[in-house]
Structures are given as C-alpha cells and as structure tokens.
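Tertiary structure, described
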Amino acid sequence: MRVRVRGQAAHRWIVFGLTAFGGLFLVLGLVFAGVSVSYLTDAERARGTVVDLEWRTDHGHSVGRRRGDDDPVAYAVVAFTSADGTRRTFEDSGGSNPPAYEKGEQVEVLYRADSPEDARINGFFSLWLLPLIFGGAGLLIMIAGAVVAVVARRRRPRVR
C-alpha cells in the first residue's frame, strides 16, 4: 500500500508529529532512567531468596485485551531481611515464561529504607526495561521523522 501525501504542509506536519511524538517518548525514557538511577543511589541492598513462583495468566492486561498466547507467567516471590531486622516479602514486578528465577535461588534485593515494601530484584530488566523501551522507541520515531524530512526535501523541486 502506498500513501500519497500532497504538499509541503502535509510533510511538515508529518515531520513535526513524528518528532514531537518521538521526543515525548525519548523524554519519558530519560525520566524513567532518572528514576532508576535515583533508586539505585538511595537503595539499601540485602540478600534475598526466591521463596515461591506466582503463576498468573492475566499478565496485567486491561479488560478485553488478550495476548495471542495465554500461557501462564511466573513472578518471583522474594523474602529478605531489611536493615531493621524485619523479614519482608515482595513479588517481583516482572514475570516471564520460562521463569527467570528458581525457587530457592539467592538474589540481591534493592529497597529504600523509608519504604522497604517497594523492593526490587537487582536485575537489568527490573531497572532498565522501561527506560529502554520508551527511550528506544522515541529515538526510532525521531529518526523516522528525520528520514521523512530528508526525503521530502530531496523530492521538492528547486526554484531558481
């Protein structure tokens, strides 16, 4: 399918839209990266153990939206002892199939002393997945806008 866009104004709007949308996603990616860096800077570290795997098929989808496959996904349930000596348990925010962790596996836990219930496994995906998705998508969309701008400029007839 080939889409024809007529006029320079339409090309400008397409370039503007792609650049603005991509810029928004890029900024969101940078904000999420800043949140992760801030979390890492303030986080206490503890040794944790995966005590269970919570299998779910809902995957956090909104009503009416379904994935193509409804295979269950495992979320690690981790127990750790915070600096104040309290034993705490949390469910990791990321699930996978096959499971990323095994029951009994030792993991490093990051948590804030003022809110230990907001704990995370010190792993690449739990800290950097959102910044990569939003930042990467934003960068790709902005590149698409730049390509459209260059192609439109080259196709424009020169006035002498």
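None of the values given here were measured: they were computed from a predicted structure.

As for the overall build of the chain
What the chain contains, in helices and strands, is 2 helices and 5 strands. Burial analysis of the chain (160 residues in total) assigns 25% to the buried set. Considering only contacts in the chain between residues 6 or more positions apart, those separated by 24 or more positions represent 64%. For the chain, the accessible area works out to roughly 11,200 Å², and carbon and sulfur atoms hold 58% of it.

Quick word on the pairing of strand 3 (residues 87-96)
Here strand 2 (residues 73-81) runs beside strand 3; their pairing, made up of 7 bridges, is antiparallel. Bridge pairing in strand 3 places Ala74 opposite Ser96. Counted between consecutive antiparallel strands, the loop separating strand 2 from strand 3 contains 5 residues, among which Gly85 sits at a positive phi close to 90 degrees.

Observations concerning the sheet that holds strand 1 (residues 44-56)
To summarise the sheet geometry, strands pair through backbone hydrogen bonds and adopt either a parallel or an antiparallel arrangement. A sheet is described by the order of its strands in space; here 5 strands give the open sequence 3-2-1-4-5, paired in antiparallel fashion. Edge positions in the open sheet fall to strand 3 and strand 5 (115-121), since each of these has one partner strand only. For this sheet, the mean angle separating the axes of adjacent strands, direction not counted, is 40 degrees. Note: strand 1 against strand 2, 8 bridges, orientation antiparallel. Within the sheet, the bridge partner assigned to Leu53 lies in strand 2 and is Ala76.

Topic: a negative patch on the surface
Residues Asp42, Asp114, Glu117 and Asp118 make up a contiguous surface patch of negative charge. Tracing the sequence through the fold places Asp42 in helix 1 (residues 8-42). For Asp42, a relative accessible area of 45% translates into the label partly exposed.

Details of the environment of Val107
Position of Val107 relative to the elements: it lies in strand 4 (residues 106-112). Classification of Val107 by relative accessible area gives buried; the value is 4%. On a C-alpha basis, the gap between Val107 and Phe80 in space is 9.4 Å, while along the polypeptide they are 27 residues apart. The residues touching Val107, leaving out its near neighbours within four places in the chain, are Ala46, Arg47, Gly48, Val50, Val78, Tyr101 and Ile121.

So, the environment of Val151
Tracing the chain through its elements places Val151 in helix 2 (residues 124-155). Separated by 140 residues in the primary sequence, Val151 and His11 place their C-alpha atoms 9.7 Å from one another.

Criteria and cut-off values
Residues numbered from 1 in each chain as written. Predicted model: local features only at pLDDT ≥ 70, side-chain atom pairs only at ≥ 80, totals over all residues. Heavy atoms only, no water. Helix = DSSP H or I, 4+ residues; strand = E, 2+ residues; numbered from the N terminus. Buried < 20%, exposed > 50% of the residue type's maximum accessible area, 1.4 Å probe, protein only. Contact = heavy atoms within 4.5 Å. Areas by Shrake-Rupley, 256 points an atom, 1.4 Å probe, with all protein chains shown as cover. Pairing = 2+ DSSP bridges. Axes fitted to C-alpha atoms, helices over the stretch in contact; angles between N-to-C directions. Patch = residues over 30% accessible without salt bridge, like charges linked within 9 Å, V, L, I, M, F, W, Y side chains within 5 Å. Salt bridge = Lys/Arg side-chain N within 4 Å of Asp/Glu carboxyl O. Lys, Arg positive; Asp, Glu negative; His and termini not counted. Charge placed at Lys NZ, Arg CZ, Asp CG, Glu CD.

Spatial relationships are all this shows, so hold off on functional conclusions.
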